[in-house]
Amino acid sequence: MTNFFALTLIFVGVLIAAFAAPSSPSNGLLLVANKGEQTLGLIDPTAGQQIATVVEGGVTGHEVAASPDGKLAFVPIYGNSGVGMPGTDGSTLAVIDLSKRKVFHTIDFGHGVRPHCAVFGPKDGLLYVTTELDKSVTVIDPQTLRIVGSVPTGQAESHMLAISSDGRKGYTANVGPGTVSVLDLAGRKTVTVIPVAQHVQRISITPDNRWVFTSDTEKPRLAVIDTATNKVDRWIALPSTGYGSASTPDGKWLLVAMPETNGVAVITLATLQIVKTVSVPPAPQEVVIRPDGQFAYVSCDQSHQVAAIQIGDWDEVKLIEAGRGVDGLAWAQ
């Protein structure tokens with residue numbers, strides 16, 4: 001009886017541990033920065049629901065990056081205002097353990113820098129974070145969680161960052177100056193600064209590294225930058241001003257969020273022409289494409305929702321409830 005009782009206790013303990021421990025979907029998580037709540041939301045894309053939130057511990061995270069192994073999330077704590085506006089100057093980056101669902105480390109930049117967009121280098125595994133007030137991109141070793149360098153952008157308000165698939169070049173959208181800085185990431189230097197418009201926002205690059213896109217926020221058009229010449233090659237006219245954009249992994253489509261008209265423009269990369277406009281909830285912000293290319297996720301600020309758009313079947317849009325002020329998105333595999 002004693003042995004039976006002991007085995008029973010062990011079995012019950014295992015069951016309790018199994019049900020008590022947080023679990024993540026095996027097919028990946030969609031991470032969302034709930035800007036209005038200062039939390040990171042964890043969304044199960046299959047169930048179509050936010051299954052947990054993690055308090056970031058600062059005001060406030062706008063963007064998020066997931067480590068390549070899907071275990072950690074990195075949330076730069078920007079401050080309490082928008083780019084170029086008066087407010088607090090964030091100086092930290094929260095490192096979140098996605099399995100334990102809590103902040104386990106904070107990286108301190110040492111002074112106010114307004115850290116914003118975090119992107120992993122596809123080859124060197126380093127984390128690159130825009131640090132606006134220093135006019136730079138800060139380089140972090142995600143293994144040691146230490147700052148190991150910086151890359152000057154030569155411009156103020158370097159807000160968003162895109163990195164080429166070979167990891168050699170970085171491109172920052174410099175909001176107020178209306179420019180794009182081209183960066184040599186290995187050499188940690190500015191290659192050139194490209195004049196684009198009076199005011200730009202967001203940036204993305206095609207999988208083949210041929211085109212870089214940034215939105216003119218004062219006119220309904222998208223700049224198409226030729227990475228071979230580092231010049232604006234052409235403009236794509238949009239139904240309204242654009243914001244975040246992303247290309248599908250197969251290089252067929254580019255999706256552009258349009259906050260003023262609550263839509264997403266679908267552009268074929270073969271001809272750089274708009275072929276479809278998809279309706280989404282109010283104020284779409286950021287677009288992230290699932291690695292398998294089946295769905296695009298669009299954060300919709302004013303509705304507290306994320307729109308899941310099925311690639312190819314553009315009329316198939318599912319809405320996922322998230323938190324207040326949904327903004328930055330990332331996929332954690």
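Worth saying up front: this structure is predicted, and the values here are computed from it rather than measured.

Student: It is not clear to me how the layout of surface pockets should be interpreted in this structure. Could you clarify?
Tutor: Over the atoms a probe the size of a water molecule is rolled, and this reveals where empty space is left. Roughly 1300 Å³ of volume is contained in the largest pocket. Broken down by secondary-structure element, the contributors of at least two residues to the lining of the largest pocket are strand 4 (65-66), strand 8 (115-120), strand 12 (158-163), strand 16 (200-205), strand 20 (245-247), strand 24 (284-289) and strand 28 (326-332). Residue composition of the lining of the largest pocket, grouped by class: 25 nonpolar, 11 polar and 4 charged.

Student: What's the story with the environment of C117 in this structure? I'm lost.
Tutor: Within the secondary structure, C117 is located in strand 8. Between the alpha carbons of C117 and V137 there is a distance of 9.2 Å; along the sequence they are 20 residues apart. Each residue touching C117, except ones within four places of it in the same chain, is listed here: E63, Y128, V129, T130, H159, M160 and L161.

Student: So what exactly am I meant to see when it comes to unusual backbone geometry here?
Tutor: Peptide bonds are trans in most cases, and residues, glycine excluded, mostly fall at negative phi. Across the junction of V59 and T60, the peptide omega takes the value -15°, indicating a cis bond. Considering the arrangement of structural elements, one finds T60 in the loop between strand 3 (49-55) and strand 4. The phi torsion at Q38 lies on the positive side, around 55°, for a residue other than glycine. Structurally, Q38 can be placed in the loop between strand 1 (29-34) and strand 2 (39-44). A relative accessible area of 27% places Q38 in the partly exposed class. The residue K135 is not glycine, and still its phi comes out positive at about 50°. Position of K135 among the secondary structure elements: in the loop between strand 9 (127-131) and strand 10 (136-141).

Student: Before we go on, may I ask you to explain the environment of A270 in this structure?
Tutor: Within the fold, A270 resides in the loop between strand 22 (263-268) and strand 23 (273-279). Of the residues examined, A270 reaches a relative accessible area of 73% and is grouped as exposed. The spatial distance from the C-alpha of A270 to the C-alpha of W253 is 8.3 Å, given a sequence separation of 17 residues.

Student: What should I look at first to understand the nonpolar core in this one?
Tutor: Proteins that are soluble and globular tend to have nonpolar side chains buried together. Counting 26 residues, the largest nonpolar core has Y128, L161, Y171, V180, V196 and I203 as the members making the most contacts within it. Of all the secondary structure elements, the ones that give two or more residues to this core are strand 8, strand 10, strand 12, strand 13 (169-174), strand 14 (179-184), strand 16 and strand 18 (221-226). In terms of residues, this core owes the most to one element, strand 12, which gives 4 residues. Excluding residues within four positions of it along the chain, V180 makes contact with Y171, T172, N174, T192, V193, I194, V196, I203, T214 and I225.

Student: Can you walk me through the pairing of strand 7 (residues 102-108) in this structure?
Tutor: In regular strands, side chains alternate between the two faces of the sheet. Both strand 6 (residues 92-97) and strand 7 contribute to a ladder of 6 bridges, which runs antiparallel. Residue pairing in the sheet places D97 in a bridge with K102 of strand 7. Between strand 6 and strand 7, which follow one another and run antiparallel, lie 4 residues, and R101 among them has a positive phi close to 55°.

Student: Help me understand the pairing of strand 25 (residues 295-300), please; the structure alone is not making it clear to me.
Tutor: Within strand 25, 6 of the 6 residues are buried, which leaves the element mostly enclosed by the surrounding structure. Burial of the side chains of strand 25 extends over both faces: F295, Y297 and S299 are buried on one face and A296, V298 and C300 on the other. Hairpin remark: strand 24 followed by strand 25, antiparallel, with 5 residues in the connecting loop; positive phi at G293, about 75°. Sheet analysis places strand 25 next to strand 26 (residues 305-310), joined by 6 bridges and oriented antiparallel. If you follow Y297 over to strand 26, its bridge partner there is A308. Once strand 25 ends, the chain turns through 4 residues before running back antiparallel as strand 26, passing H304 with a positive phi of about 65°.

Student: Mind showing me how you'd approach the sheet that holds strand 21 (residues 253-258) here?
Tutor: The strand order 20-21-22-23 describes an open sheet built from 4 strands, whose pairing is antiparallel. Edge positions in the sheet fall to strand 20 and strand 23, since each of these pairs with one other strand and no more. Adjacent strand axes in the sheet meet at a mean angle of 20°, parallel and antiparallel pairs treated alike. Strand direction decides the pairing type here: strand 22 and strand 23, joined by 6 bridges, are antiparallel. Among the inter-strand pairings, V264 is bridged to a residue of strand 23, identified as V278.

Student: In this structure, what is going on with the side chain of T131? I would like to understand it.
Tutor: Summarising the element assignment, T131 is placed in strand 9. Beyond its immediate sequence surroundings of up to four residues, T131 is in contact with F109, V113, R114, P115, S136, V137 and T138.

Student: Teacher, can you tell me more about the packing of aromatic side chains here?
Tutor: We describe a pair of aromatic rings using the distance from one ring centre to the other and the angle between the two ring planes. Taken as a whole and judged by the stated rule, the model has 4 aromatic pairs. A centroid spacing of 6.4 Å and a plane angle of 25° characterise the contact between F295 and Y297, whose relative ring orientation is stacked. Assessed through its relative accessible area of 18%, F295 is described here as buried. Classification of Y297 as buried rests on a relative accessible area of 2%.

Cut-offs and rules
- Residues numbered from 1 in each chain as written.
- Predicted model: local features only at pLDDT ≥ 70, side-chain atom pairs only at ≥ 80, totals over all residues.
- Heavy atoms only, no water.
- 1 Å grid on protein atoms, 1.4 Å probe; cavity = no way out; pocket = protein on both sides within 12 Å on 5 of 7 lines; lining within 4 Å.
- Points joined across faces, edges and corners; volume = space filled by probe spheres on them.
- Helix = DSSP H or I, 4+ residues; strand = E, 2+ residues; numbered from the N terminus.
- Nonpolar A, V, L, I, M, F, W, Y, C, P; charged D, E, K, R; others polar.
- Contact = heavy atoms within 4.5 Å.
- Buried < 20%, exposed > 50% of the residue type's maximum accessible area, 1.4 Å probe, protein only.
- Core = buried A, V, L, I, M, F, W, Y, C linked by side-chain atoms within 4.5 Å.
- Pairing = 2+ DSSP bridges.
- Axes fitted to C-alpha atoms, helices over the stretch in contact; angles between N-to-C directions.
- Phe/Tyr/Trp six-rings, centres within 6.5 Å; stacked < 30°, edge-to-face > 60°.

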